[in-house]
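Remarks on the overall topology
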Amino acid sequence: MVDKYERMLELLLQQDDWVTATDLAEQLGVTTRSVRSYVAAAKSAAHPLAILTASTSGYRLNREAYAEFAALSRGRSVGSETPQARVHHLVRRLTEAPGGLDVHGLADGLFVSESTLETDLRKVKSLAEESGAVLSRRGATVELSGTESAKRRLLSRLLQGESTQGVLELDAIEAEFGIAGLGAFKTELIEALDGEGFFINEYGIDAVILHVAIAVDRVRRDQHLPPSSRPAAVAQTAPIAAALHRLIPDHFAVEVTDGDVDYLARLLTTRVIAPGADAGSAPTVDADDLATVRRIVDLVAEEYLVDFRDDAFIARLAIHLGNLVSRARENAHTRNPLTRSIKSSYPLIFDIAVFIASIVQRERSIQVDDDEISYIALHLGSHLERMSRREERVTGTIVCPSYYDLHAILRTRIERELGADLSIEFVVTRTDVDPRELTSDLVISTIPTAAVREGVVIVQPFLTDDDIDAIRAAISRVRRHRRRARITDELLEYFDRELFFAEAPGDDPESIIRALGEAMVASGAVGREYVEGAIERERMSSTAFTETLAMPHAMGLTAARTAIAVALCPTPVAWGDARVSVVALIAFSAEGRARFQPLFDQFVDVFASRRDVTELVRTSEGFEGFIAELAHLIERR
C-alpha cells in the first residue's frame, strides 16, 4: 500500500484541479475502494493537518498543509512502520558498522519478524549491488562490504530515491546527517565556481551537496576516500578542489583529505559545472567525444531534419557526453527533476535525445537512463531556443487616430514589450477603418468599438500593463488557433479504419506494439523491421509521453507511408511509470520527414488532459465515433 499511497500524493501534487477517485484508480492501477483507503490513511497520518480536501468533484491536495506535513514527517525518527523506512534504517546502520550487525538484534530493534527482516535485507542487497557494494551473510551476522566510494554511492542512491519527484531538499539532508548550514555552504560554493568562470547546473548541484553531507558524516566517523590515481583528472579540477578544501572545514569543522575532495571535485565537474567563456580552467574537449558528437548531429539532421551543426553547441555537448560516460562507468547516477515534464512537453526533443543516447549507449557500452536522456534534451532544447523561435511571429495592425505622435509612441511601446512575438505590419491613423478589411492576425485598436472579427484587442492610447497582458493573451489565442488548424488538417488524415482497435490488442507494451505493428504490416505502411525498431526504442525509454498516451515508434523514418495505428484502452494499461488509455503506434516515411516535428508534438498536445482522453475513450463508438470525438476534442481545446 505504501508505494501506491505515496504515488497518489505525487499525482495530486502535480494537479491544480480536482482529481476524481476513478482517475486516481486508473493511474494507480487499483480500485476506487483502495483510493478511498489511501485518502483515509492520508487524513489519519496528517492529523491535525488537512492535507487532502474531498468534494463531489474528487480530491485535491492542500499544498501548504502538505509541505508542513512533509517537514514534520522528515523530523520523525525512523521506525518500522513501512518497508521503505526499514530499508532506510538498515542501510544507515550497515554503513556505520564495519564489522556487521546481528540479524536477531536488528529484527528485535525494528519490532518485526525475522522473515520480514530477510525480505528487507534482500532489498538492501539489491540497492548495494547497484552501487558497487556487497551485502554478505555469515551465520547470524550481516555485513556491508565494498569500497568507501561504493558505500557513499549507496547512501546517495537511497536518499535520492526517497526524494519527491527527484527534488532534494537541503533541510531534509541536514536532518538526516545532523548537519547545519548546507544552504550557506551551497551559496559560497556557487560564488566560488562562478568566480572561476564556470556555468552552474542548478538541477544537479543539490545532488552534489548531498554527497558533501555524506562526506562530512563519513569523515566524522574517520572514513576517508583514497587519493585519486588519475593525476590528469586531479589537475583539471585543481581550482574546484581548492575551493572545497577551504569551504568544507570553514562550514562543517572537519578536516577532509585530498581523496575526499578529489571525489567531490570530480562530481562537480561531471554533474554540475560547464566551462564558461572566461573559465581559466576550462576542460579540454576530448577528440573522440568531439568526433562522436559531430557524427551524431549529422545523423540527427538526416533522420529528423533538425540542424544542430553549430561548433559551440557541439563542443558543449561533447563535454557533456564525456561526463555522462564517466558517470555511467562509475555508476554515479544523477536524477533530473524535469524528466517527466520534458518528456510530456517536448516529445520530439526528448525523442532526439533518446536517439543520441542510443548511439552513445551502444558505442560506449554503457546504460543511459531517462534522467540522463533528459539532460541531453535540455542541451538540445536550449540550443533550439537560442537559435530561433519554433512558432512564427503573429502579425498585427495598430489602429490609432492621429494626434501628434501618439500612434508612433504606441507602436514603439508595443514593439519593445512584444517584439519577439508580434510583427507590426501597418499603423492606421483613421477612425473610419473597418477591421474586417485588415488582413493581420491581430488588430490593436484604441477606438472603443464592438469587435466585428476575431483578433481585435481594444487598448488605451497610453498602453497599460493590462493592455500588454491582453495583447499577449490574444497572441496566444492566435497561435492556438493555428495549431488547431494544423492538427485538424494534418493529424486526422493519417487514421485508417484498418488501423483502429476499440480494445487494446494485448496486455503489455510489447504485445500491443506487435499487434498494432502486424496491422500496419498488413496495410503496407511498414515492414516487420519497423515493428522491431519500435520495440527496441521502447526498451530504451518508455514512450508514455503523458499519463494517458503512449506513442511507440521506431527511431528511423523508414515507413513506406506515414500512418498511425490506434488502440483505445478502456481499462488503462501499465506502460513504464504511467497507465495509458490510448496507444498510438506512429510510422513516418522519409517523404513525411518535414511534417514529423509539428505532428509529433501536436499529437501529444491533443492527448495531454486525462479527463479529455477518458471522455474520448468512453464515448467513442467504433472508428467513426472515435474520429468524430477526436475532432470535437481538437476544436474545443
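Please read all numbers here as calculations on a predicted model, not as lab measurements.

Side note on the overall build of the protein
Across its full length, the protein holds 26 helices and 15 strands. Residues classed as buried in the protein amount to 50% of the 637 residues present. For the protein, the share of sequence-separated contacts (at least 6 apart) that also reach a separation of at least 24 residues comes to 72%. Summing over all exposed atoms, the protein offers an accessible surface of approximately 29,000 Å²; the carbon and sulfur share of this is 50%.

Thoughts on the packing of aromatic side chains
Overall, the coordinates contain seven aromatic pairs when judged by the stated rule. With a centroid separation of 5.5 Å and 80° between ring planes, the pair formed by Phe495 and Phe626 is classed as edge-to-face. Within this pair, whereas Phe495 is found in the loop between α21 (465-491) and β12 (500-501), its partner Phe626 is found in helix α26 (residues 622-636), the two being separated by 131 residues in sequence. On the basis of relative accessible area, Phe495 is assigned to the buried category, the value being 11%. Taken together through their ring pairs, the aromatic side chains of Phe495, Phe500, Phe623 and Phe626 make up a single cluster. The ring of Trp18 is capped by Arg60, whose NZ or CZ atom sits 4.2 Å from the centre of that ring.

A word on the sheet that holds strand β11 (residues 456-458)
Reading across from one edge, β9-β8-β10-β11 is the order of the four strands in this open sheet, with parallel pairing throughout. What marks the edges here is a single partner per strand, and that holds for β9 (422-428) and β11. This sheet shows a mean twist of 25° between the axes of neighbouring strands, independent of strand direction. Lying on the sheet, helix α20 (residues 406-418) is in contact with β8 (394-399), β9 and β10 (442-445); it crosses β9 at an angle near 170°.

What to know about the pattern of salt bridges
This structure, assessed with the given rule, holds 38 salt bridges. In this structure, Asp307 engages Arg309 in a salt bridge whose closest nitrogen and oxygen atoms are separated by 3.0 Å. With a shortest N-O distance of 3.6 Å, Asp469 and Arg472 are connected by a salt bridge. Taken together, the positions of Asp469 and Arg472, both in helix α21 and three residues apart, correspond to about one turn of that helix. Via salt bridges that share partners, Arg92, Glu96, Glu176, Asp217 and Arg221 belong to a single interconnected network.

Observations regarding the confidence of the model for the protein
Summary statistics for the protein give a mean pLDDT of 85 and a share of 89% for residues scoring 70 or more. Every residue in residues 75-79 is under pLDDT 50, and counting partners more than four places away or in other chains gives eight contacts. Below a pLDDT of 50 lies the segment residues 277-282, which in the model reaches 11 contacts outside its immediate sequence neighbourhood of four places, other chains included.

Description of the side chain of Lys343
Among the secondary structure elements, Lys343 is positioned in helix α17 (residues 339-345). Setting aside residues no more than four positions away along its own chain, Lys343 makes contact with Phe350, Asp370, Ser541, Ser542, Ala544 and Phe545.

Observations concerning the pairing of strand β4 (residues 134-138)
In this structure, β4 lies alongside strand β5 (residues 141-145), joined through five bridges in antiparallel fashion. Paired with Val134 across the two strands is Ser145, which belongs to β5. The loop that links β4 with its antiparallel partner β5 comprises two residues; one of these, Gly139, has a positive phi angle of about 65°.

Section: the environment of Leu247
Topologically, Leu247 is positioned in helix α13 (residues 238-252). Between the C-alpha atoms of Leu247 and Leu189, which are 58 residues apart in sequence, the distance is 7.5 Å. Once you skip the residues sitting within four places of it in the chain, Leu247 turns out to touch Phe185, Glu188 and Leu189.

Here's the deal with the environment of Val254
Structurally, the position occupied by Val254 is in the loop between α13 and α14 (258-271). For Val254, a relative accessible area of 8% translates into the label buried. Here the alpha-carbon distance between Val254 and Val219, two residues 35 residues apart in the chain, equals 7.2 Å.

Considering the sheet that holds β5
Strand order in the open sheet made by the three strands is β3-β5-β4, with antiparallel pairing throughout. Since the sheet does not close on itself, it has two edges, and those belong to β3 (101-102) and β4, each with one partner. Note that β3 and β5 share two bridges and pair antiparallel. In the sheet register, Leu101 faces β5, and the bridge partner there is Val142. Seen against the sheet, helix α5 (residues 83-95) touches β3, β4 and β5 and runs at an angle of roughly 75° to β5.

Overview of the packing of helix α10 (residues 182-195) against α13
Between α10 and α13, whose axes approach to 10 Å, the crossing angle comes to 155°. If you check the angle between α10 and α13, you find them roughly antiparallel. Of the two elements, α10 crosses α13, and the hand of that crossing is right-handed. When α10 is examined against α13, the residues Leu182, Ala184, Phe185, Glu188, Leu189, Ala192 and Leu193 are found in contact with a partner set consisting of Ile240, Ala243, Leu244, Arg246, Leu247, Ile248, His251 and Phe252. For the contact of α10 with α13, the class distribution of residues is 12 nonpolar, one polar and two charged.

Considerations on helix α22 (residues 509-523)
Helical geometry: 3.6 residues make up each α-helical turn, so side chains three or four residues apart lie on a common side. Taking 1.5 Å of rise per residue, the 15 residues of α22 would be expected to cover 21 Å, and the 21 Å separating its terminal C-alpha atoms lies within 8% of that figure. Residues of α22 that are buried include every one of Pro509, Ile512, Ile513, Leu516, Gly517, Ala519 and Met520, and no others. Each buried residue of α22 lies within a common arc of 155° when the element is viewed along its axis, so the set occupies one face. Against the buried residues of α22 lie β12, α23 (528-540), β14 (563-575) and β15 (578-587).

Overview of a negative patch on the surface
On the surface, Glu188, Glu191, Asp194 and Asp250 cluster together into a patch of negative charge. Of the residues forming the negative patch, the biggest block, three residues, is contributed by α10.

Quick word on unusual backbone geometry
Within the chain, Asp222 stands out as a residue other than glycine whose phi angle is a positive 65°. Take Asp222: it is sitting in the loop between α11 (202-220) and α12 (231-236). In this structure Asp222 comes out as exposed when scored by relative accessible area, which is 58%. For Tyr404, which is not glycine, the phi dihedral falls at a positive 55°. Looking at where Tyr404 falls in the secondary structure, it is placed in the loop between β8 and α20.

Rules of the game
Residues numbered from 1 in each chain as written. Predicted model: local features only at pLDDT ≥ 70, side-chain atom pairs only at ≥ 80, totals over all residues. Heavy atoms only, no water. Helix = DSSP H or I, 4+ residues; strand = E, 2+ residues; numbered from the N terminus. Buried < 20%, exposed > 50% of the residue type's maximum accessible area, 1.4 Å probe, protein only. Contact = heavy atoms within 4.5 Å. Areas by Shrake-Rupley, 256 points an atom, 1.4 Å probe, with all protein chains shown as cover. Phe/Tyr/Trp six-rings, centres within 6.5 Å; stacked < 30°, edge-to-face > 60°. Lys NZ or Arg CZ within 6 Å of the ring centre and 35° of its normal. Pairing = 2+ DSSP bridges. Axes fitted to C-alpha atoms, helices over the stretch in contact; angles between N-to-C directions. Salt bridge = Lys/Arg side-chain N within 4 Å of Asp/Glu carboxyl O. pLDDT = per-residue confidence, 0-100. Parallel < 35°, antiparallel > 145°, perpendicular 65-115°, else oblique. Left-handed = near helix turned anticlockwise from the far one by under 90°. Nonpolar A, V, L, I, M, F, W, Y, C, P; charged D, E, K, R; others polar. Expected span 1.5 Å × (residues − 1). Arc of directions from axis to C-beta. Patch = residues over 30% accessible without salt bridge, like charges linked within 9 Å, V, L, I, M, F, W, Y side chains within 5 Å. Lys, Arg positive; Asp, Glu negative; His and termini not counted. Charge placed at Lys NZ, Arg CZ, Asp CG, Glu CD.

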